[in-house]
Amino acid sequence: MAQYYEQELAWGACDDDFATSEREAEVLAASPAECAFLTVPRDYAEPDGETVPVAVSRMASTGEATGSLVFNPGGPGGSGVLGPLALSLGLGETRIGEAFDLVGFDPRGVGVTTPADCYSPDGTTRGDELFPTLAIRPELTEDDTRAIFERCAEGSGGAEALVQMGTRTTARDMDVLRAALGEEQLTFLGQSYGTRLGAVYAEEFPERVRAMILDGAFDPTLATVDRFSTTYTGLQAAFEAMAAQCAQDASCPLGDDPAAAAAAFQTIMQPLADEPVPALDTELDFDAATGAVILGLYSADDWPTVIAGISEVRQGRGDILQQLALDATSGSADPAAAVNGNMPEALFAINCMDEQRLSPDDIARLHELTYEAAPFMDRGEEIDDARDACEQWPEAPTLGFPYAQDVEGLPETLVVSFTDDPTTPHTGGIALADALGSSLLTLEGAQHTIVSAGTNPCVLDIAADYLIDLDLPAEMPDCSA
């Protein structure tokens, strides 16, 4: 393994080799970012076998750099190469941006790092249905799941590449990156899915952690069905808060009674399951519409857009919700203009090696729990004979549940969590902090992640003191305001 850990990164311009679209290439070219490829073994069990080039980018510190801050923006499937550019907008002019080079990388399956490509060009694998924003599996046959795997393998470098797209493999890649950056220990900021990646890295390499902030925590104790159910409970709470706000306006499409908002939403949205409405240059069906609403629930700032989108659907069009979904994922329906355009496929492929494989009974239970926890998401129809879309993968998932338990030798770490986070509930932040022995910074409010934005001075001071000086307050202040 020495050949990997002793490599030096050849930093240069972020040219087309690091972009997945014309628009992405334009964004990278217009930035001062540098890029390089990190070489890792395709399979760590065979270090002398085939290799994988991992795309890496960095934004130089605005002061005298004391090290590198590695960032994962979430997902799974979020662009790591674009991550430092986004991070620099929030932290570039802060003490953190002055002290650290901001570094990101495309995990396997993401961007240009052995990208996951699972859509059939002619639609024969029903790509629009197999990779919905929702985590609910559609009705599939065994032939469907076989076609999914074969198309994913064909487009993604073969089965050998697909089975190496899990978080445990990516954590090992991140350790090689740490060494290639010249760092004895890793300084890491992970948000949302990035908290899972960070927790797994801490489990695998506890003594190689210098500092780690995990913001918007995945609960390491909950297996797939229970984690999704818990997430949907948080989404329902956010939906109800949005409905209560909407009810103050006489034109609210959900009516003036928040208690009846879910039923009003179903009346508007359920017909889309059979009769999608026109949306931009495509159509908006129930899954796409509800998925867009879910993405809008992540932040109260987006609630007016969601309400406007629901009103528009009631009038027979879905442009607003379709654009909301595009803005949150690829940015454009045009592949040449998209940013982070393979995120849905990357999320799918990575989860196939992380999440539990679900039996038909598991899926039926997930549906039941989902609609109990989040009735606004109910399609209004029975799902029979559903199958796990990953069932044909030739290897079992490698993450395991629970993970990151009883970790020894880990230094002080920091978990940040909102009380009413709509997608990674506060209970998960508590569980992750307990598992890692982390300090826990709790904020009041319905928001998902905050550190990378650099908008809260109190949070920013705590993060900077910790990342730079490894100093955490003995008692966390109230940063909610």
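Please refer to the structure placed before this passage.
A brief report on the enclosed structure follows. (Residues numbered from 1 in each chain as written. Predicted model: local features only at pLDDT ≥ 70, side-chain atom pairs only at ≥ 80, totals over all residues. Heavy atoms only, no water.)

**Considerations on the nonpolar core**
Phase 1: Ranked by size, the top nonpolar core spans 61 residues in total, and within it Leu38, Val70, Leu177, Phe348, Trp393 and Leu436 carry the most contacts.
Phase 2: Aside from chain neighbours lying at most four places away, what touches Leu38 is Gln7, Leu9, Val52, Pro53, Val54, Val56, Asp173, Val176, Leu177 and Ala180. (Core = buried A, V, L, I, M, F, W, Y, C linked by side-chain atoms within 4.5 Å. Buried < 20%, exposed > 50% of the residue type's maximum accessible area, 1.4 Å probe, protein only. Contact = heavy atoms within 4.5 Å.)

**Topic: empty space enclosed by the protein**
Phase 1: Following the criterion strictly, the structure yields one cavity of 30 Å³ or more and no others.
Phase 2: Of the volumes computed, that of the largest cavity is approximately 70 Å³.
Phase 3: Taken together, Ala217, Phe218, Asp219, Leu222, Arg227, Thr230, Thr231, Thr423, Thr424, Pro425 and Gly428 make up the full set of residues lining the largest cavity.
Phase 4: Per-element tally for the lining of the largest cavity: the top contributor is helix H10 (residues 224–246), with three residues.
Phase 5: Its residues placed into classes, the lining of the largest cavity shows four nonpolar, five polar and two charged. (1 Å grid on protein atoms, 1.4 Å probe; cavity = no way out; pocket = protein on both sides within 12 Å on 5 of 7 lines; lining within 4 Å. Points joined across faces, edges and corners; volume = space filled by probe spheres on them. Helix = DSSP H or I, 4+ residues; strand = E, 2+ residues; numbered from the N terminus. Nonpolar A, V, L, I, M, F, W, Y, C, P; charged D, E, K, R; others polar.)

**Overview of the environment of Pro394**
Phase 1: Looking at the element boundaries, Pro394 is found in the loop between helix H16 (360–373) and strand S10 (414–418).
Phase 2: Once the C-alpha coordinates of Pro394 and Cys14 are considered, the two residues, 380 residues apart in sequence, prove to be 35 Å apart.
Phase 3: For Pro394, the residues in contact, after removing those within four places along its chain, are Phe149, Ala159 and Val163.

**Quick word on unusual backbone geometry**
Excluding glycine, residues mostly carry a negative phi; peptide bonds, for their part, are mostly trans.
Phase 1: Each neighbour pair has its own omega, and for Gly75 with Pro76 the value is 5°, a cis peptide bond.
Phase 2: Following the sequence through the fold, Pro76 ends up in the loop between strand S4 (67–72) and helix H3 (83–91).
Phase 3: Put simply, Phe401 and Pro402 share a cis peptide bond, and its omega is -10°.
Phase 4: Its location among the elements puts Pro402 in the loop between H16 and S10.

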